[in-house]
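# Structural characterization, general
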Amino acid sequence: MRRLLAPSALPGLLAHLALLAAGPAQASESLPRPEGTAVRLSTAPLFDGRVQNDPSWMAITPLSGFLQIQPDEGRAASQRTEVRIGFTKDALYIGVIAFDDAPESILVTDSRRDSSLAQTDGFQVIIDGLGDRQNGYVFGTNPAGIEYDGQVVKEGEVNLDWDGSWRVVAAITELGWSAEFEIPFTTLRYGGDPNAGWGMNFQRNIRRNNEIAFWAPLDRQRSLNRVSEAGTVHGIEAPRPRNLQITPYALGSARRGGALESTSTEEEVGVDIKYSITPSLTLDATYNTDFAQVEVDDVVINLDRFSVFLPEKRPFFLENAEQFSVGDPQEVELFFSRRIGIVDGSPVPIEGGLRMSGKVGDSTNVGLLYMSDEGLPGIAPQNDFLVARINEELPNRSAIGAMVVQRRGDGSLKADGTPDENDAYAIDGRIGIGDNLLLSGWAAKTRTPGLDGDDHAFALNANYDAARWSSRLEYSEVHEDFNPEVGFLLRDDYKRVEAFVMRRFRPDDVLGLLEVRPHYSVRNYWDLNGFLETGFQHLDTHWEFRNGYRVDTGVNYVKDGLQEPFEIVDGVFVPAGTYSGPEAQISFNTDLSKPLSFQTRLNVGDKFGGDRVRFSPTVAFRIGETFSSELSVVYTEFDLPVPGGDFSVALTRLRLSYSFSPKALLQAVIQYNDANETLSTNLRFSLLRTANSGLYVVYNEFDEQTPGALPADRQFVLKYNYLFDVFN
């Protein structure tokens with residue numbers, strides 16, 4: 001078990017992947033892809049959520065015949081679902097009747113916009129208007145009528161933070177529940193051929209049965225994002241683009257405490273503009289960009305030597321974000337938008353910017369981003385950023401592309417006179433082999449004045465994903481002067497090998513089990529001289545039950561190589577050396593759809609020559625679909641053979657939310673970090689008109705509770721923005 005995977009093992013694992021790729025086709029692949037027809041509506045539906053009684057809907061032939069992927073893969077759904085598709089000159093309409101022979105058992109767990117649909121009865125649709133079978137938009141709802149949306153690119157990379165302008169209304173009826181979607185064509189991207197069909201698939205969840213069913217059948221390992229296996233809807237006559245949206249904002253804020261001697265006030269105005277150049281190519285502009293309404297970041301306690309990744313949440317950077325993505329997510333990213341307008345966690349004013357993104361022709365994706373910030377005197381220089389991206393889509397999930405990222409600073413903080421600039425260049429590609437095997441890779445180089453050494457990085461990946469077996473093999477290198485300053489590096493100067501294999505079993509009514517997933521993985525990092533810095537082997541089994549419970553039981557073998565001491569917490573240093581040992585791991589959750597649920601994870605074992613315990617319980621409680629709460633603790637205890645090595649740290653987080661309606665939300669995030677005795681509070685009230693426009697009221701407080709600390713830093717923000725749809 002203690003033997004760590006070396007690069008010489010790569011040929012054998014590649015051969016294993018090739019054998020798996022040559023295996024038999026899965027059941028869903030042999031079934032024909034369903035087809036349907038959309039109908040032009042003379043009048044828009046009444047839009048009250050009640051599809052059954054509306055003549056506009058009843059004149060349309062419904063699409064039905066959903067098949068399960070769980071719990072009983074390949075069987076007809078336990079309840080009938082009918083989907084009708086219509087359109088007017090301005091919008092696409094989708095009407096859904098989710099029949100249910102026990103309407104009183106319909107489960108609705110949340111009414112917040114974009115809340116997960118995994119633990120509620122729900123319906124989702126993916127729409128591929130470009131017909132490229134790789135990209136699309138997801139729209140979903142539940143019986144409370146929430147708006148849930150996201151953007152899918154590269155057939156699997158999902159941006160759930162994308163928010164479109166559309167609306168939905170739902171109702172529970174004596175037949176079950178129903179919903180009506182109105183999606184303006186200005187929200188979608190589509191091709192110019194009116195005779196081309198649109199790729200679509202529909203997903204229905206019946207939560208009390210833990211049931212998931214699709215219109216276009218899929219294998220158990222797939223999800224709605226599998227655009228290439230969607231069905232086809234014909235007859236949609238979308239208009240030529242006439243889309244110009246202008247969203248001005250006004251903001252007022254007041255701040256006191258911290259290092260301020262008195263109350264500081266600020267007033268701001270700005271504007272965002274969106275214009276459709278073609279049905280598939282969009283130009284966005286922003287001036288005096290502000291993100292006051294964005295949810296606060298989660299606090300993280302870093303007890304290791306490497307960088308912490310915090311996800312992007314700012315709306316302007318989220319649309320088509322994956323188009324600008326090259327590298328290994330959260331490990332090596334050539335472009336990381338949080339490098340713009342944020343320095344060491346503090347906001348830097350953004351003067352404005354432009355983004356053009358979308359598709360040119362049938363298969364060429366382009367992206368161009370320019371942003372300019374104002375800098376912060378003595379902290380951050382003024383910077384201009386430029387990102388250019390192009391990739392060509394090829395058949396069967398394949399593509400090839402290139403990207404350039406540039407930063408140009410004003411040099412105000414450069415004392416040595418060298419140019420204040422940085423460039424990164426990358427190429428990437430992927431090749432789909434059959435339905436289950438995907439080979440991908442990228443190579444990149446940076447240019448930084450003053451760094452003249454080896455400044456390149458690359459990665460090669462093979463991923464096989466079938467109904468019963470999944471395997472993955474990855475190899476990457478990052479050299480010593482590789483420096484993507486507008487990107488993200490988890491660590492530098494390394495070569496990495498990672499391998500993973502998993503088997504899925506679906507027992508026939510054994511102890512209530514839905515699926516059992518034994519798996520093994522290994523992930524090793526060496527420095528460029530061959531010194532093993534991190535070795536991690538993981539042997540685990542997931543036990544997933546039909547009632548929503550899950551237990552994961554595993555064991556890890558961890559190896560850490562330190563070539564110099566590092567400070568794990570204030571005043572406590574782990575000496576240089578190589579440390580290794582086993583670790584036991586178990587995680588558990590109850591049925592997360594219940595009003596009261598519990599989940600936890602426990603790791604106990606060796607770390608840095610001593611003992612470590614990590615315990616992270618979470619309790620969630622909700623009342624209907626309007627009130628939800630979640631209390632979580634991340635507790636870590638060390639007993640290391642060094643001075644001060646017996647210590648513990650804990651991060652406690654409380655989330656509260658109350659939905660007055662799907663568009664009116666009050667929520668709070670309260671976080672206490674006992675490592676540095678800080679309490680942070682974020683309160684937000686939002687009254688939305690569209691996905692990203694409306695009224696926002698925000699209160700932030702940061703209180704450092706150590707002796708002699710500054711007074712609590714308090715901020716109150718009032719922001720209002722309004723979307724003007726010029727042509728509609």
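Residues numbered from 1 in each chain as written. Predicted model: local features only at pLDDT ≥ 70, side-chain atom pairs only at ≥ 80, totals over all residues. Heavy atoms only, no water.

## Re the overall build of the protein
Tallying secondary structure elements over the protein gives three helices and 47 strands in all. The C-alpha atoms of the protein give 26 Å as radius of gyration, which agrees with the globular expectation for 728 residues (27 Å, within 12%). With respect to the principal axes defined by its C-alpha atoms, the protein has extents near 75 × 60 × 50 Å. Residues classed as buried in the protein amount to 51% of the 728 residues present. Of the roughly 31,500 Å² of accessible surface on the protein, a fraction of 56% belongs to carbon and sulfur atoms. (Helix = DSSP H or I, 4+ residues; strand = E, 2+ residues; numbered from the N terminus. Rg over C-alpha atoms; globule rule 2.2 N^0.38 Å. Buried < 20%, exposed > 50% of the residue type's maximum accessible area, 1.4 Å probe, protein only. Areas by Shrake-Rupley, 256 points an atom, 1.4 Å probe, with all protein chains shown as cover.)

## Considerations on the sheet that holds strand β18 (residues 327-328)
Read across the sheet, three strands follow the order β18-β19-β30 without closing on themselves; strand pairing throughout is antiparallel. In this open sheet, the two edge strands, each paired with only one partner strand, are β18 and β30 (488-489). Where strand β19 (residues 332-333) and β30 come together, two bridges link them in antiparallel fashion. Bridge pairing in β30 places Glu333 opposite Phe488. (Pairing = 2+ DSSP bridges.)

## What to know about the environment of Val649
Turning to its location among the elements, Val649 is positioned in strand β42 (residues 646-661). With residues near it in sequence (within four places) discarded, Val649 still touches Ile301, Leu303, Val569, Val634, Tyr635, Thr636, Asp674 and Ala675. (Contact = heavy atoms within 4.5 Å.)

## Considerations on the confidence of the model for the protein
Here the protein shows a mean pLDDT of 91. Residues at 70 or above account for 96%. Throughout residues 1-26 the model reports pLDDT below 50, and contacts reaching past four residues in sequence, or to other chains, amount to 46 contacts. (pLDDT = per-residue confidence, 0-100.)

## Remarks on a nonpolar patch on the surface
On the surface, Tyr275, Ile277, Leu283, Leu354, Leu368, Tyr370, Leu386, Val726 and Phe727 cluster together into a nonpolar patch covering about 710 Å² of accessible area. Those elements that place two or more of their residues in the nonpolar patch are β16 (264-278) and β23 (364-373). Residue classification places Leu386 among the partly exposed residues on the basis of a relative accessible area of 33%. (Patch = residues over 30% accessible without salt bridge, like charges linked within 9 Å, V, L, I, M, F, W, Y side chains within 5 Å. Salt bridge = Lys/Arg side-chain N within 4 Å of Asp/Glu carboxyl O.)

## A word on the sheet that holds strand β2 (residues 39-40)
Either a parallel or an antiparallel arrangement is found when strands of a sheet pair, and the pairing is made through backbone hydrogen bonds. The sheet built from five strands is open, its strands ordered β2-β4-β5-β11-β10 with mixed pairing. Whereas interior strands pair on both sides, the edge strands pair on one side only; in this sheet they are β2 and β10 (167-173).

## Observations concerning the packing of aromatic side chains
Enumeration over the complete set of coordinates arrives at 25 aromatic pairs. Here Phe139 and Trp162 contribute two aromatic rings whose centre-to-centre distance is 6.2 Å and whose plane-to-plane angle is 75 degrees, an arrangement assigned as edge-to-face. With Phe139 in strand β7 (residues 136-141) and Trp162 in the loop between β9 (157-159) and β10, this residue pair connects regions lying 23 residues apart in the sequence. Between Phe566 and Phe608 the ring centres are 5.5 Å apart and the planes differ by 65 degrees, which places this aromatic pair in the edge-to-face class. Taken together, the positions of Phe566 in strand β35 (residues 566-569) and Phe608 in the loop between β38 (596-607) and β39 (610-615) put the pair 42 residues apart, joining distant regions of the chain. Across the pair, exposure class does not vary: Phe566 and Phe608 are buried alike. Of the aromatic side chains, those joined through ring pairs into one cluster are Phe123, Tyr137, Phe139, Trp162, Trp166, Phe181, Phe202 and Trp215. (Phe/Tyr/Trp six-rings, centres within 6.5 Å; stacked < 30°, edge-to-face > 60°.)

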